[in-house]
Amino acid sequence: MSLPRPRAILFDWDSTLIDAWPAIGAALNDTLVAMGHAPWTDTETRLRVRESMRDSFPKLFGERWTEAREVFYARYNACHLDHLAILPGAAEALAALKEQGFYLGVVSNKRGDLLRHEAAHLGWTPHFGRLVGAGDAVRDKPDPAPVSMALEPSGIAAGREVWFVGDTGIDMACARNAGCVPVLVGDLDPESAEFRDARPEWHARDFAALRGLVAGP
């Protein structure tokens, strides 16, 4: 199967372009302890944090989920910009893809205002036509609604001319739900259980490989 050349490329945010896990883990563990739960290890946090808060916190904290939300954001807002780390090759790839004329966007399950704050802090806002986070669309990933919202300024419809680049099963499911090409990036096994229900169509182990896929044969 040949890989269609994209007109637009949408990216997940956390663990795809940037690493914010220290801040996420600290805020989540403060929340878990405040709500009477045991804290999670870093590995548990990275494996279990997938859905947006409005989808995951009611399952985790029940009727107290809005209280838990306030605890989490109080801690996260206080430290997240101090812990942002750009993943290797991401900055160079975004600059190159933008220069080559591809429409770029972000679809994340991080709250939209925080996502855009982090992008502005990194100086990346001009790279993207739209950054869509949790709560911006009527539903969050893996629903296709945020994909349509992210593409809206481009006039490009979701479909095979759009790549969705991410690192989790939810990203691949979102791509497939929207009819886009799911592309896994990172040193992950595309045959693992993580992707059992939504396999990536292509796998780039790093951003240099991703740029090679975009360039084509």
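Reading the values: the criteria
- Residues numbered from 1 in each chain as written.
- Predicted model: local features only at pLDDT ≥ 70, side-chain atom pairs only at ≥ 80, totals over all residues.
- Heavy atoms only, no water.
- Helix = DSSP H or I, 4+ residues; strand = E, 2+ residues; numbered from the N terminus.
- Rg over C-alpha atoms; globule rule 2.2 N^0.38 Å.
- Buried < 20%, exposed > 50% of the residue type's maximum accessible area, 1.4 Å probe, protein only.
- Contact = heavy atoms within 4.5 Å.
- Areas by Shrake-Rupley, 256 points an atom, 1.4 Å probe, with all protein chains shown as cover.
- Lys, Arg positive; Asp, Glu negative; His and termini not counted.
- Charge placed at Lys NZ, Arg CZ, Asp CG, Glu CD.
- Pairing = 2+ DSSP bridges.
- Axes fitted to C-alpha atoms, helices over the stretch in contact; angles between N-to-C directions.
- Core = buried A, V, L, I, M, F, W, Y, C linked by side-chain atoms within 4.5 Å.
- Arc of directions from axis to C-beta.
- Phe/Tyr/Trp six-rings, centres within 6.5 Å; stacked < 30°, edge-to-face > 60°.
- Lys NZ or Arg CZ within 6 Å of the ring centre and 35° of its normal.
- Left-handed = near helix turned anticlockwise from the far one by under 90°.
- Nonpolar A, V, L, I, M, F, W, Y, C, P; charged D, E, K, R; others polar.

*Asks:* Teacher, can you tell me more about the overall build of the protein here?
*Replies:* Looking only at helices and strands, the protein has 9 helices and 8 strands in total. Rg of the C-alpha trace for the protein: 17 Å, near the compact-globule value of 17 Å for 217 residues, within the 12% margin. Projected onto the principal axes, the alpha-carbon positions of the protein cover approximately 55 × 35 × 30 Å. Counting across all 217 residues of the protein, residues that qualify as buried make up 48%. Within the protein, residue pairs in contact and separated by at least 24 positions form 63% of the contacts whose partners lie at least 6 positions apart. For the protein, the exposed area adds up to about 9,900 Å²; of that, 52% sits on carbon and sulfur atoms. Where the 23 positive side-chain charges of the protein centre and where its 30 negative ones centre are 3 Å apart.

*Asks:* Looking at this model, I keep getting lost on the pairing of strand β1 (residues 8-11). Mind explaining?
*Replies:* Remember that side chains alternate between the two faces of the sheet whenever the strand is regular. Burial along β1 is two-sided: the residues A8 and L10 and I9 and F11 are all buried. Pairing between β1 and strand β4 (residues 103-111): 4 bridges, direction parallel. Bridge pairing in β4 links L10 to G105. Pairing geometry for β1 and strand β6 (residues 162-166), over 4 bridges, is parallel. In the sheet register, A8 faces β6, and the bridge partner there is V162.

*Asks:* Is there a simple way to think about the sheet that holds strand β5 (residues 130-134) in this case?
*Replies:* What holds strands together in a sheet is hydrogen bonding between their backbones, with the strands either parallel or antiparallel. The 6 strands are arranged β5-β4-β1-β6-β7-β8 in an open sheet whose pairing can be described as parallel. Strand pairing shows two members of the sheet lacking a second neighbour, β5 and β8 (202-204), which therefore form its edges. The average angle at which neighbouring strand axes cross in this sheet is 25°, direction not considered.

*Asks:* Where do I start with the nonpolar core in this structure?
*Replies:* Grouped burial of nonpolar side chains is what soluble globular proteins tend to show. With 46 residues, the main nonpolar core has I9, F11, W13, L17 and F128 as its most contacted residues. With 6 residues, helix α1 (residues 21-34) is the largest single contributor of residues to this core. When residues no more than four places from it in sequence are discounted, the contact partners of W13 are I18, V106, S108, K110, L115, E118, A119, L122, W124, F128 and L131. L10, F164, A178 and C180 belong to the second-largest nonpolar core, a separate cluster that totals 15 residues.

*Asks:* Just to check I follow, could you spell out helix α6 (residues 112-122) for this structure?
*Replies:* Owing to its 3.6 residues per turn, the α-helix brings residues three or four apart onto one side. What α6 keeps buried is the set G112, L114, L115, E118 and A119. Taken down its axis, α6 places every buried residue within 165° of arc, on the same side. On its buried side, α6 packs onto β2 (18-19), α4 (65-79), β4 and β5. Just downstream of α6, G123 is the residue with a positive phi angle, here 75°.

*Asks:* What am I meant to see in the packing of aromatic side chains here?
*Replies:* Counted by the stated rule, this structure contains 5 aromatic pairs. Relative to Y73, the ring of F72 lies with its centre 5.4 Å away and its plane at 80°, an arrangement referred to as edge-to-face. A centroid spacing of 5.7 Å and a plane angle of 10° characterise the contact between F72 and Y76, whose relative ring orientation is stacked. Here Y76 and F72 lie together in helix α4, a separation of 4 residues that amounts to about one turn. Among the aromatic residues, those joined into a cluster by ring pairs are F57, F61, F72, Y73 and Y76. Over the ring of W65 we find R69, and its NZ or CZ is 5.1 Å from the ring centre.

*Asks:* What am I meant to see in the packing of helix α3 (residues 53-61) against α4 here?
*Replies:* Each pair of packed helices can be described by the angle between their axes along with the distance between the axes. Close contact between α3 and α4 brings their axes to 9 Å; oriented N to C, the two are set at 115°. Considering only the axes of α3 and α4, their crossing is right-handed. Residues M53, R54, F57, P58 and F61 of α3 pack against W65, A68, R69, F72 and Y73 of α4. Residues belonging to the contact of α3 with α4 are distributed by class as follows: 8 nonpolar, no polar and 2 charged.

On their own, these measurements won't tell you what the molecule is for.
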